[in-house]
Amino acid sequence: MRRTVLAVNIVLLLLIAWSVAGYGWAWWKKSHAPAAVTAPAAPVIAPVPQVDLAALHLFGESSVEVGPEAAANAPETPPGQSLLGVADQSAKSGNLGPAMKRIEPEGQHSARVWLEQAAFDDLMLWLQGLKRDYGIHAADIVIERQEAAGRVNARITLESG
């Protein structure tokens, strides 16, 4: 889990550094342009990475809640409900029902979930709700951007406790 959080933080820092470097390069090029140029050059604008606040909140909570205290304070799945049942039911109530293509157990306290053409924002809110309400977290996640705006395919390993 800490590796995933660390990897996400590194990626976000690299995106920010890339964005800052792009703006710095554009400013330097403009300030060092030859004086003989009569027509202004087209502005160079580096794209600013869009960051989903729900995703930052999700990863921010994960990076703070570590150690035995966090495990002791984490909520648990309701009595009589399995990890698979909680994941399936919460996905359906969180607008991810049609996107969930497959869910299967992987060991006693984990499950693999496959989502196709899921709304990214709904996916992040679902993962946040699982962590907050049931203590279920994403131990491993692979997200692939799709052609439709805001849509992703995802393979997630969920773990309880």
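Computed from a prediction, not measured in an experiment: that's the story for all the values here.

Asker: How should I be thinking about the pairing of strand β1 (residues 100-105) in this particular structure?
Answerer: For a regular strand, side chains alternate in direction, first toward one face of the sheet and then toward the other. Here β1 runs beside strand β2 (residues 110-119); their pairing, made up of five bridges, is antiparallel. Pairing of Pro105 across the sheet is with Ala111, part of β2.

Asker: Just checking my understanding: could you explain the confidence of the model for the protein for this structure?
Answerer: As a note on interpretation, predicted positions should not be read in detail where pLDDT is low. The share of residues in the protein with pLDDT of 70 or more is 57%, and the mean pLDDT across the chain is 74. Contacts of residues 43-51 to residues separated by more than four positions or lying in other chains number 14 contacts, the stretch itself having pLDDT below 50.

Asker: I tried to follow helix α5 (residues 120-134) on my own but got confused; where do I start?
Answerer: Count 3.6 residues to each turn of an α-helix, and residues three or four apart come out pointing the same way. With 15 residues, α5 extends 21 Å from end C-alpha to end C-alpha; this agrees with the ideal 21 Å at 1.5 Å per step. Just past α5, the residue Gly135 takes up positive phi, approximately 70°.

Asker: Would you mind showing me how to read the pattern of salt bridges here?
Answerer: For side chains bearing opposite charge, pairing can occur when the charged atoms are close. By the definition in use, this model includes five salt bridges. Between Arg132 and Asp133 there is a salt bridge, and its shortest N-O distance comes to 3.0 Å. Overall, Arg132 belongs to the partly exposed group, its relative accessible area being 48%. Overall, Asp133 belongs to the partly exposed group, its relative accessible area being 39%.

Asker: I'm lost on the nonpolar core in this one. Help?
Answerer: Side chains of a nonpolar character, in soluble globular proteins, are inclined to be buried together. Counting 22 residues, the largest nonpolar core has Leu115, Leu123, Trp126, Leu127, Ile156 and Leu158 as the members making the most contacts within it. Among the elements of the structure, α4 (83-93), β2, α5, β3 (136-145) and β4 (151-160) are those that each provide at least two residues to this core. Looking at this core, the element that brings in the most residues is α5, giving five residues. Among all residues touching Leu115, those that are not within four sequence positions of it are Leu96, Ala99, Met100, Leu123, Trp126, Val152, Asn153, Ala154 and Ile156.

Asker: Before we go on, may I ask you to explain the pairing of β2 in this structure?
Answerer: With eight of its 10 residues buried, β2 lies for the most part within the structure. Counting the residues between successive antiparallel strands, the hairpin from β1 to β2 contains four residues, one of them, Gly107, with a positive phi of roughly 85°. As judged from the eight bridges shared by β2 and β4, these two strands associate in the antiparallel manner. By the bridge assignment for β4, Arg112 is matched with Thr157.

Asker: What is the right way to look at the packing of α4 against α5 in this model?
Answerer: Between two packed helices, both the angle of their axes relative to each other and the distance between the axes serve to describe the pair. At a minimum axis separation of 10 Å, α4 and α5 run at an interaxial angle of 130°. In terms of orientation, α4 and α5 fall into the oblique class. Considering the relative orientation of α4 and α5, their crossing is right-handed. Between α4 and α5, the residues in contact are Val86, Ala87, Ser90 and Ala91 and Trp126, Leu130 and Tyr134, respectively. For the contact of α4 with α5, the per-class residue count stands at six nonpolar, one polar and no charged.

Asker: So what exactly am I meant to see when it comes to α4 here?
Answerer: By the burial criterion, the buried members of α4 are Leu83, Val86, Ala87, Ser90 and Ala91. Projected down its long axis, α4 carries its buried residues within an arc of 120°, all on one side. Of the exposed residues in α4, those oriented more than 90 degrees away from the buried face are Lys92 and Ser93. Residues of α4 that are buried make contact with β1, β2, α5, β3 and β4. Asn95, located one to two residues past α4, shows a positive phi value of around 70°.

Conventions used here
- Residues numbered from 1 in each chain as written.
- Predicted model: local features only at pLDDT ≥ 70, side-chain atom pairs only at ≥ 80, totals over all residues.
- Heavy atoms only, no water.
- Pairing = 2+ DSSP bridges.
- Helix = DSSP H or I, 4+ residues; strand = E, 2+ residues; numbered from the N terminus.
- pLDDT = per-residue confidence, 0-100.
- Contact = heavy atoms within 4.5 Å.
- Expected span 1.5 Å × (residues − 1).
- Salt bridge = Lys/Arg side-chain N within 4 Å of Asp/Glu carboxyl O.
- Buried < 20%, exposed > 50% of the residue type's maximum accessible area, 1.4 Å probe, protein only.
- Core = buried A, V, L, I, M, F, W, Y, C linked by side-chain atoms within 4.5 Å.
- Axes fitted to C-alpha atoms, helices over the stretch in contact; angles between N-to-C directions.
- Parallel < 35°, antiparallel > 145°, perpendicular 65-115°, else oblique.
- Left-handed = near helix turned anticlockwise from the far one by under 90°.
- Nonpolar A, V, L, I, M, F, W, Y, C, P; charged D, E, K, R; others polar.
- Arc of directions from axis to C-beta.

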